[in-house]
Amino acid sequence: MSDGPVTVRMTGITKTYPRVVANRNASIEARAGEVHAIVGENGAGKSTLMKILYGVVKPDAGETTVRGRRLSHGTPNEAIRAGIGMVFQHFMLVPPLTVAENIVLGAEPVRGPFVDRGRAEREIREVSEKFGLPIDPRNRVEDCSVGLQQRVEILKVLHRGAEVIILDEPTAVLTPQEVDELIQVIRRLAGQGKTVILITHKLREVMAASDRVTIMRAGETVETLETKKTSAGEIAHKMIGRELDQPPKPDGRPPGDAVLEVRGLEADSDRGTPALRGVELRVRSGEIVGLAGVEGNGQTELIECLAGLRTPSSGTVILGGKDITSHTPRSRFEAGLAHIAEDRHRRAVVLDFSLEENAILGLQHEFSRPFSLKFGAMRRHIEEIIRRCDVRPPDAGLPMRALSGGNQQKVVVGRELARRPRILLACHPTRGLDIGAIEFVQRSLLAERARGAGVLFVSAELSELMAISDQILVIAGGRIVGEVNPTEVDERRLGLMMTGHSV
Amino acid sequence: MRRWFASVALQLAVSSTAVALALAAGAVFIVAMGKDPIEVYTKLIEGSVGQGYGLGQVLYKATSLVFVGVAVALSFRAGLFNIGAEGQIYLGGFAGALAGLYIYPSPWVCAAAAALGGALAAVVPALLKALRGTHEVIVTIMMNFIVIYGVNYFTGRIQEPETVHTRGLADSARLATYKETFEGSALNSSLWVALAMAAFATYLLWRTRTGYEMRAAGLARGAAEAGGVRMRWTIAWTLLLSGAIAGLGSINFVLGNKGYFEKEFSAGVGFMGIAVALLGRNHPIAVIPAALLFAILSEGAVAIGRIVPGEIVDILQAITILFLLVGTVLLDRAIAAWQKRRQQEASRV
């Protein structure tokens, strides 16, 4: 633990939105040279607290001091001047510009009316060497991997001389190797005397990266613990206010016949480059097949081909013995397919439709008669989903937009499972959800397996892939490059296979 | 139900405020011209809804606007911006008149032909959009020119000597008028057809599967696709239906008022309908009061034309739209903020 001087002190922070308290008397203290994790479920108030620190949100009460200076909670500019930098979950980069251009954007060194590129690149090299963050300043950001883009964001903050660096859920988009690298970077920054505030809900990273951890629940800061003197179990307990259930596990039942077979599937990406180069896979009934891979290696295109949203250039898709390669999405539904889409807002829900209307998307033919929808049946359908999946608030007439991501996903999962599918495509079904909702989704997938459905489960979370899959396929460069038994593999080896190393 | 009433009341409050503010802003212009705004507005009301003939004319003008407004609103719900209503009503009128003259002089036959004509003017944009993804705004605008000048050419071949209109239709093809009640105004029974179209569009959009799929396509194309909505079919059918409703609007003039097709009869009503749809926030029922408002302003312009320049009415119309747009944006923001609060609240339940 660092005993450096206190750099950030927030006391008695309260922020009330009408009828909702986002922060209640929250207090936090971070020191120079420490990595300070803030953990809590979605909606616990982590983000609000950090937005207040960064000057984006004005609190109703409370005081913030940064390196001895009291902030008036005015604007981000004030916070930036005080030495605070924030790396957001969604990167704020200009893809066609170079790394150097992105980093100096808004604070460009100039010579006359022109940007002094030479000096910009020199400055960046200095910062990148000082903190051990190698990067080529002349690369275009759009050509950088997600991990490198994040590095650009961190360099941007460092280039402006930030002493306090806030990272908001930084590992959500990274591969396991990139996560390890990021943790090293974070440690190094703290080693150089910076204060790193790490917002996360992944306890493994808290344990690996932080010196101290502040736990938030329902808007309050519950406690600040020294990481070394606590355990993941204790943190989880304090975070959700109860004991964490045993993670769900599949039972030992053997799988049945193949329900989904994919042979020699090839397809192009949206940019016209080959995305799938001969994918072969098989999912049997009563089996969860996990699909691991670094994002952008063909998972999205594969699922789209299976769901009827992308036309493969060659290969066949067989569902329950029937060739459905060129079927419409609707006839695939009728053949027994259900799809929990990767991009919820783009593919799975209509945000301006009510819950009731969303609950029949894809089922609209079943819920209609010649000149009208079956409103009574629709109402019963959504009430059933709300009840079974514990959707909150339980109000069928609310627009989908009014729900949190986790509750939106519950409606989607409830809707897709209501089809009683033979094959379920679950594409990143737990992404961005909090612990409670994740557990619900995982249990639902296992329940489908027990019912005898086949599940193709795509996820970026190797731990959950390993926990509930019967078999894990690894996809890289548009091919299935490996097949492993989840009980016999560790995350490191999987991670290596994902990046194309044969193990 | 309570939620529905609250939202309607809110919309009405916003729209009324916008109209009131627009009148106030218009008053500034009137004062600048050295006239008394009270006097001008009184005249405007008296000259439009204040007497039988004026009221009849307001309803007559509103009828056409309702047809076109409903057509535009319907396509907008499916995410399609139909700027081609002007050409669609024009071809509809021509087709309706031809059917009455050369096929059979019945209002049913003429109306069916008018709807088909309107749909015909929408065929090219519908196919291009559905099959090739060509932007419907550009194609519908271009179709306006093609249709209007094409129709003008053929009208030239058959028009009565010394006029710009076709032969008159037989009385059996004409619609009922209300000349006695409304002191000889052009109001006719196509008003009921217009209202029926608004009701039909509302029912279609919110009570049927087709409408459900149209709205899903308009709000979230990707989700609609994944939900098994046939996008090409939905796009094509929506544009054709929109064209048909606009085309049907021509019966107000052709069968109800004059009894013949006349060059330039539509006189920009197809474009005015876009403003009406906008004002009605693309709800077919809300299009009705919006059409009335524009009809009052348009008819009132004749009455106040003697004391102030008629342009003041154009200014008023433009200002009303502006205020409504601003009011709408502010309202939407307020609603979004409210929903966000509910979401935060919900996630903490």
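Residues numbered from 1 in each chain as written. Chains lettered and ligands numbered in written order. Predicted model: local features only at pLDDT ≥ 70, side-chain atom pairs only at ≥ 80, totals over all residues.

Draft legend 1. Structural detail: the overall build of chain B. Regarding its fold elements, chain B presents 15 helices and zero strands. For chain B, whose C-alpha radius of gyration is 21 Å, the value lies close to the compact-globule estimate of 20 Å for 349 residues. C-alpha extents for chain B along the principal axes are approximately 75 × 55 × 35 Å. Looking at chain B as a whole, 53% of its 349 residues qualify as buried. A fraction of 78% describes how many contacts in chain B between residues 6 or more apart in sequence connect residues 24 or more apart. (Helix = DSSP H or I, 4+ residues; strand = E, 2+ residues; numbered from the N terminus. Rg over C-alpha atoms; globule rule 2.2 N^0.38 Å. Buried ≥ 20, exposed ≤ 12 C-beta atoms within 10 Å, placed from the backbone. Contact = placed C-beta atoms within 7 Å.)

Draft legend 2. Fine view of the pairing of strand S23 (residues 471-476) of chain A. All names here are of chain A. For strand S15 (residues 287-292) and S23, the ladder comprises four bridges, and the chain directions are parallel. In the strand pairing of S23, Leu291 is matched with Leu473. Sheet topology note: the S23/strand S24 (residues 479-484) ladder contains five bridges and is antiparallel. In the sheet register, Ala476 faces S24, and the bridge partner there is Arg479. Where S23 folds back on S24, the antiparallel hairpin that results is connected by two residues, among which Gly477 adopts a positive phi of roughly 55 degrees. (Pairing = 2+ DSSP bridges.)

Draft legend 3. The domain arrangement of chain A, seen in detail. Residue and element names in this part refer to chain A. Looking at chain A, the domain boundaries give domain 1 (6-240), domain 2 (246-336 + 421-503) and domain 3 (353-419). Once you take the C-alpha centre of each, domain 1 and domain 2 turn out to be 34 Å apart. Taken together, the contacts link eight residues of domain 1 with ten residues of domain 2. Residue composition of the side of domain 1 that touches domain 2, by class: three nonpolar, four polar and one charged. (Domains from an automatic or database assignment. Nonpolar A, V, L, I, M, F, W, Y, C, P; charged D, E, K, R; others polar.)

Draft legend 4. The sheet that holds strand S3 (residues 35-39) of chain A, seen in detail. All names here are of chain A. Reading across from one edge, S6-S9-S10-S3-S11-S12 is the order of the six strands in this open sheet, with mixed pairing throughout. Among the strands making up the open sheet, the edge pair consists of strand S6 (84-87) and strand S12 (220-226). Across the sheet, the mean angle separating the axes of adjacent strands is 20 degrees when strand polarity is ignored. Where strand S9 (residues 164-168) meets strand S10 (residues 195-200), five bridges bridge the pair, whose relative direction is parallel. (Axes fitted to C-alpha atoms, helices over the stretch in contact; angles between N-to-C directions.)

Draft legend 5. Molecular detail of the packing of helix H4 (residues 85-103) of chain B against helix H11 (residues 231-248) of chain B. All names here are of chain B. Running from N to C, H4 and H11 cross one another at 55 degrees; their axes reach a closest spacing of 7 Å. Considered as vectors, H4 and H11 are oriented oblique to each other. The crossing of H4 and H11 is right-handed. Across the interface between the two elements, Ala85, Gln88, Ile89, Leu91 and Gly92 of H4 pack against Gly243, Ala246, Gly247 and Leu248 of H11. Across the contact of H4 with H11, the residue classes break down as five nonpolar, four polar and no charged. (Parallel < 35°, antiparallel > 145°, perpendicular 65-115°, else oblique. Left-handed = near helix turned anticlockwise from the far one by under 90°.)

Draft legend 6. Quick peek at unusual backbone geometry. Residue Pro393 of chain A is reached from Arg392 of chain A by a cis peptide bond, and omega for that bond is -5 degrees. Here Pro393 of chain A is to be found in the loop between helix H13 (375-389) and helix H14 (405-418). Although it is not a glycine, Glu264 of chain B sits at a positive phi angle of roughly 60 degrees. For Glu264 of chain B, a count of 11 C-beta atoms within 10 Å puts it in the exposed group.

Draft legend 7. Broad picture of the environment of Arg431 of chain A. Counting through the fold element by element, Arg431 of chain A comes out in the loop between strand S21 (423-427) and helix H15 (435-451). Remark: the alpha-carbon pair of Arg431 of chain A and Val458 of chain A, spanning 27 residues in sequence, is separated by 11 Å.

Draft legend 8. Expanded view of the nonpolar core. If you look at the biggest cluster of nonpolar residues, it comprises 189 residues, and the most contacted ones within it are Val70, Val276 and Val287 of chain B. When residues of this core are assigned to their parent elements, the largest contribution, 14 residues, is made by helix H3 (residues 52-77) of chain B. Counting contributing residues per domain, this core is built from domain 2 (246-336 + 421-503) and domain 3 (353-419) of chain A, each supplying no fewer than three. Apart from the residues within four sequence positions on either side, Val276 of chain B is in contact with Leu65, Val68, Gly69, Val287, Ala290, Ala291 and Phe294 of chain B. Membership of the second largest hydrophobic core comes to 61 residues, among which are Val8, Leu71, Ile165 and Val185 of chain A. (Core = buried A, V, L, I, M, F, W, Y, C linked by C-beta atoms within 7 Å.)

Draft legend 9. Broad picture of the sheet that holds strand S18 (residues 337-340) of chain A. Residue and element names in this part refer to chain A. Across the sheet, which stays open at both edges, the six strands sit in the order S18-S21-S22-S15-S23-S24 with mixed pairing between neighbours. At either end of the open sheet lies a strand with only one pairing partner, and these are S18 and S24. Strand after strand, the sheet turns through a mean of 20 degrees between neighbouring axes, direction not considered. Relative to strand S22 (residues 454-458), S21 is paired through five bridges, and the arrangement is parallel. Within S22, the position partnered with Leu424 by the bridge is Val455. Across the sheet, H14 is in contact with S18 and S21; its angle to S18 comes to roughly 175 degrees.

Draft legend 10. Broad picture of the pairing of S15 of chain A. Residues and elements named next belong to chain A. Of all six residues making up S15, six are buried, and the element is well covered by its neighbours. Both faces of S15 are covered, namely the face carrying Glu287, Val289 and Leu291 and the face carrying Ile288, Gly290 and Ala292. One ladder, built from five bridges, connects S15 with S22; its direction is parallel. Residue pairing in the sheet places Val289 in a bridge with Leu456 of S22.

Draft legend 11. Spotlight on the confidence of the model for chain B. Taken residue by residue, chain B gives an average pLDDT of 90. The fraction at 70 or more is 96%. Overall fold confidence (pTM) sits at 0.78, and the ipTM for the predicted complex is 0.85. (pLDDT = per-residue confidence, 0-100.)

Draft legend 12. Here's a closer look at H15 of chain A. Residue and element names in this part refer to chain A. Look at H15: 24 Å from first C-alpha to last across 17 residues, which is about the 24 Å you get at 1.5 Å a residue. Within the span of H15, buried status applies to Ala437, Ile438, Val441, Gln442, Ser444, Leu445, Glu448 and Arg449. End-on, the buried residues of H15 take up no more than an arc of 150 degrees, which puts them together on one face. Among the exposed residues of H15, those pointing more than 90 degrees away from its buried face are Gly436, Ala447, Ala450 and Arg451. In this fold, the buried residues of H15 make contact with S15, H14, S21, S22 and helix H16 (462-468). In the stretch just after H15, Gly452 is the one whose phi turns positive, near 110 degrees. (Expected span 1.5 Å × (residues − 1). Arc of directions from axis to C-beta.)

Draft legend 13. Focus on the environment of Ile435 of chain A. Residues and elements named next belong to chain A. Within the secondary structure, Ile435 sits in helix H15. Classification of Ile435 as partly exposed rests on a count of 19 C-beta atoms within 10 Å. The sequence separation of Ile435 and Val185 amounts to 250 residues, and the corresponding C-alpha distance is 27 Å. Here Ile435 is in contact with Glu41, His201 and Ile240, once residues within four sequence places are set aside.

Draft legend 14. Quick peek at the environment of Phe265 of chain B. All names here are of chain B. Relative to the assigned elements, Phe265 resides in the loop between helix H12 (251-258) and helix H13 (269-279). The spatial distance from the C-alpha of Phe265 to the C-alpha of Ile89 is 9.5 Å, given a sequence separation of 176 residues. Not counting residues up to four positions away in its chain, the partners in contact with Phe265 are Gly93 and Phe253.

Draft legend 15. View of the packing of helix H4 (residues 117-130) of chain A against helix H5 (residues 146-159) of chain A. Residues and elements named next belong to chain A. Between H4 and H5, the shortest axis-to-axis distance is 10 Å and the interhelical angle comes to 105 degrees. One element, H4, and the other, H5, form an angle in the roughly perpendicular class. Across the interface between the two elements, Glu123, Ile124, Val127 and Ser128 of H4 pack against Leu155, Leu158 and His159 of H5.

Draft legend 16. H4 of chain A, seen in detail. Residue and element names in this part refer to chain A. Between its terminal C-alpha atoms H4 stretches 20 Å, which fits the 20 Å expected from 14 residues at 1.5 Å a residue. Summarising the contacts, the buried residues of H4 are in contact with helix H3 (99-104), strand S8 (114-115) and H5. One or two residues past the end of H4 sits Gly132, with phi positive at roughly 65 degrees.

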